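For reference, the chains in residue letters:
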Amino acid sequence: MYEASDLKKGLKIQIDGEPYIVTDFEFTKPGKGAAIYWARLRNMLTGASIERSFRSNDKFEEADLTAVPMEYLYFDGHHYCFMNPQTFEHHLAEEQVIGEKKGFLVENTPVDVLLFGDRIIDVTLPPSVVLKIVRSEPGVRGDTATNATKPAELETGITVQVPLFVNEGEYIRVDTRTGEYIERVKK
Amino acid sequence: MSVVGRGGAGGEPARPEGLAALAARRERLERRAHVIQAVRAFFHARGFLEVETPLWMRAPLPERYIDAIPCGRGFLATSPEPHMKQLLAAGYERIFQISKCFRAGEAGRLHHPEFTMLEWYRAHAGSAALVEDVQTLVRYVCRKVLGTGELTYQGRRVDVEGAWEYVSVDEAFARYACAELRAEPDQAWFDETLVRQIEPQLGLEVPTIISGYPRAFCPMARALPGVPERADRCEVYIAGVELANGCAEQTDVAEQEAALRREREIRGARGAHVYAWPSAFLAAVPYMPPCAGMALGVDRLVMLLCDAPRISDVMAFCEEWYNSA
């Protein structure tokens with residue numbers, strides 16, 4: 001159990017059965033009056049922000065969250081399926097939880113899955129992933145401009161800018177935070 | 001303290017990074033010293049005696065929401081009030097003190113568990129004299145330190161030499177919260193409304209003094225003459241920051257004792273420390289002259305004069321006390 005005085009940015013607590021993360025926090029106390037703790041909280045399921053005041057005697061539970069390393073398996077058209085390699089248990093994530101991250105997910109990609117109870121509420125990608133180029137025009141021979149790039153479509157459907165020497169059918173490492181090309185990978 | 005590897009190559013030892021941070025706040029610390037110097041000069045020039053009272057005490061006043069930090073078999077002082085009132089009762093008629101106070105769990109933008117308080121008392125005076133004192137003091141310090149009669153705090157320009165604004169607490173609730181204050185309002189509602197809706201509106205162009213607090217929230221104050229449900233207590237605000245709190249002091253020992261018993265009961269119900277009973281203080285009350293006293297947050301005054309957003313910005317050392325005290 002937490003008390004109001006434990007509140008700080010980043011703390012994850014449970015309110016009415018849902019997980020919230022504290023995004024902003026302020027302590028106030030009028031002269032001779034009681035302490036009031038103001039917190040701005042983001043609902044980790046819906047993304048909605050709320051503001052709440054807490055009193056010294058208020059108690060609340062820690063959000064029941066666990067981060068588990070898993071591997072991505074497949075998308076069945078509605079859900080993304082991940083497997084816990086320790087227990088071989090499968091967990092399904094709703095499409096909107098994955099969102100844009102689907103552009104970096106191929107079979108066996110290792111991820112950290114954030115579970116609320118047994119529900120996946122967030123997935124953290126590795127800093128970079130290796131993806132195959134499925135389509136890219138050949139670079140024009142003789143073009144030696146150092147920063148020259150061309151678009152390349154990857155197996156997950158996203159398109160990134162790659163150097164001219166990289167060809168269709170090859171593998172490249174992509175930064176999952178910026179979506180940028182890092183290097184060519186021999187595979 | 002972590003150590004940065006600045007030395008090594010030249011052979012000199014690495015300097016702890018905390019020292020660089022300390023060096024970087026020189027300007028604010030110099031201004032802080034200047035403020036304290038000006039405050040002392042102000043009171044000395046007016047015939048006030050500077051006193052020192054214990055920082056350790058067995059029996060802090062049992063105010064309902066002010067929690068002392070345990071220390072040995074007693075506590076660190078939450079305020080110098082009980083001892084300064086004994087000095088008043090002994091015949092010291094104008095006294096002031098700049099001292100450290102300690103309050104458990106108070107850590108925020110405007111709060112630090114250890115802070116510096118200026119407290120002064122005048123015998124044979126009422127709250128009007130205090131208001132006169134604080135007004136003259138703030139104007140004097142501002143002029144002395146900034147060289148002008150106005151200060152700018154977080155984008156607000158406040159003219160401290162202009163005519164200060166006086167508003168009753170009842171009026172402030174009506175004006176800024178559209179709320180009528182009952183004779184005995186619910187304290188949780190009162191505190192929340194004050195902090196959220198009213199305080200941010202106070203002292204924005206000139207300093208504001210609000211006065212006449214619900215009696216139940218002022219155990220150390222006398223009732224306002226002719227208004228038994230309101231206390232003769234006032235608070236000073238500049239740019240939305242609560243700076244000082246003063247009152248015409250309670251000198252009726254029966255009333256004082258009853259008020260402190262109520263405070264102690266509320267502390268007990270909250271599960272807060274119940275301190276030793278302040279007998280020495282209460283024994284002095286019958287000998288206190290009619291008097292008035294005010295407490296002013298020195299750190300907050302420095303914040304206002306440095307345009308510093310957080311109280312820790314004007315302290316040399318800010319311990320990570322947070323919530324542990």
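Shown above is the structure to which this text applies.
Scoring rules and cut-offs
Residues numbered from 1 in each chain as written. Chains lettered and ligands numbered in written order. Predicted model: local features only at pLDDT ≥ 70, side-chain atom pairs only at ≥ 80, totals over all residues. Heavy atoms only, no water. Contact = heavy atoms within 4.5 Å. Buried area = accessible area lost by both parts, 1.4 Å probe. Salt bridge = Lys/Arg side-chain N within 4 Å of Asp/Glu carboxyl O. Polar contact = N/O pair within 3.5 Å; in protein donor to acceptor, adjacent residues only side chain to side chain. Helix = DSSP H or I, 4+ residues; strand = E, 2+ residues; numbered from the N terminus. Nonpolar A, V, L, I, M, F, W, Y, C, P; charged D, E, K, R; others polar. Buried < 20%, exposed > 50% of the residue type's maximum accessible area, 1.4 Å probe, protein only. Pairing = 2+ DSSP bridges. Axes fitted to C-alpha atoms, helices over the stretch in contact; angles between N-to-C directions. Parallel < 35°, antiparallel > 145°, perpendicular 65-115°, else oblique. Left-handed = near helix turned anticlockwise from the far one by under 90°.

*Asks:* Just checking my understanding: could you explain the interface of chain B and chain A for this structure?
*Replies:* How big an interface is tends to be reported as the loss of accessible area on association of its parts. Opposite the 25 residues of chain B that make contact, chain A presents 18 residues. Taken together, both faces of the contact between chain B and chain A bury some 1,800 Å²; the carbon and sulfur share is 49%. At the boundary of chain B with chain A, the tally comes to 4 salt bridges. When the shortest N-O distance is used, the salt bridge between E63(B) and K32(A) registers 2.7 Å. If you look at where chain B meets chain A, you find 11 residue pairs in polar contact (both at pLDDT 80 or more). Elements represented by at least two residues in the side of chain B that touches chain A include exactly α6 (187-198), β12 (227-238) and β13 (241-248) of chain B. For the side of chain B that touches chain A, the element with the highest residue contribution is α6(B), accounting for 7 residues. For the side of chain B that touches chain A, the residue count by class is 7 nonpolar, 6 polar and 12 charged.

*Asks:* How do you make sense of the pairing of strand β2 (residues 12-15) of chain A when you look at a structure like this?
*Replies:* When a strand is regular, its side chains alternate between the sheet's two faces. Residue and element names in this part refer to chain A. Alternating positions in β2 separate cleanly, I13 and I15 being buried on one face and K12 and Q14 remaining unburied on the opposite face. Bridge analysis of β2 against strand β3 (residues 18-28) gives 4 bridges, and the strand direction is antiparallel. Residue pairing in the sheet places K12 in a bridge with I21 of β3. Hairpin geometry of β2 and β3 is characterised by an intervening segment of 2 residues between the two adjacent antiparallel strands and by a positive phi of about 45° at D16. Inspection of the sheet shows β2 paired to strand β6 (residues 59-62) by 2 bridges, in the antiparallel sense. The residue bridging I13 from the neighbouring strand is E62, located in β6.

*Asks:* Looking at this structure, I do not really get the environment of T87(A). What am I missing?
*Replies:* Along the chain, T87(A) falls in the loop between β8 (79-83) and β9 (90-94). Through-space distance from the C-alpha of T87(A) to that of G103(A) is 27 Å; in sequence the pair is 16 residues apart.

*Asks:* I tried to follow the sheet that holds strand β4 (residues 74-76) of chain B on my own but got confused; where do I start?
*Replies:* Where strands meet in a sheet, backbone hydrogen bonds hold them as pairs that are either parallel or antiparallel. Residue and element names in this part refer to chain B. Read across the open sheet, the 3 strands follow the order β2-β4-β3; overall the sheet is antiparallel. Looking along the sheet, the strands with just one partner apiece sit at the ends: β2 (56-57) and β3 (70-71). Two elements, β3 and β4, share 2 bridges in a ladder whose sense is antiparallel. The partner of C71 across the bridge, within β4, is G74.

*Asks:* Any chance you could explain the sheet that holds strand β7 (residues 65-75) of chain A here in plain terms?
*Replies:* All names here are of chain A. Strand order in the open sheet formed by 5 strands is β9-β8-β7-β10-β11, with antiparallel pairing between adjacent strands. Looking at which strands have only one partner, the edges of the open sheet turn out to be β9 and β11 (119-124). Neighbour-to-neighbour, the strand axes of the sheet open up by a mean angle of 45°, direction not taken into account. For strand β10 (residues 110-116) and β11, the ladder comprises 5 bridges, and the chain directions are antiparallel. Following the sheet pairing, D112 is matched in β11 by T124.

*Asks:* Explain unusual backbone geometry to me, please; I cannot follow it from the model alone.
*Replies:* Both trends apply: most residues other than glycine have a negative phi, and most peptide bonds are in trans. All names here are of chain A. Of note, the phi angle at K32 is positive, near 70°, even though the residue is not glycine. In the Ramachandran plot, F88 falls in the positive-phi region, its phi being about 65° despite a non-glycine side chain. Inspection of the secondary structure assignment puts F88 in the loop between β8 and β9. Judged by its relative accessible area of 57%, F88 falls in the exposed class.

*Asks:* Explain the packing of helix α5 (residues 169-177) of chain B against α6(B) here, please?
*Replies:* Any two packed helices are characterised by the angle at which their axes cross and by the distance between the axes. Residue and element names in this part refer to chain B. Two elements in contact, α5 and α6, have axes whose closest approach is 10 Å; the angle formed by their N-to-C orientations is 60°. Compared by their axis directions, α5 and α6 come out oblique. Remark: the crossing between α5 and α6 carries left-handed chirality. Counted together, V169, A172, F173, Y176 and A177 of α5 and W189, F190, T193, L194, Q197 and I198 of α6 form the full contact between these two elements. Partitioned by chemical class, the residues of the contact of α5 with α6 number 9 nonpolar, 2 polar and no charged.

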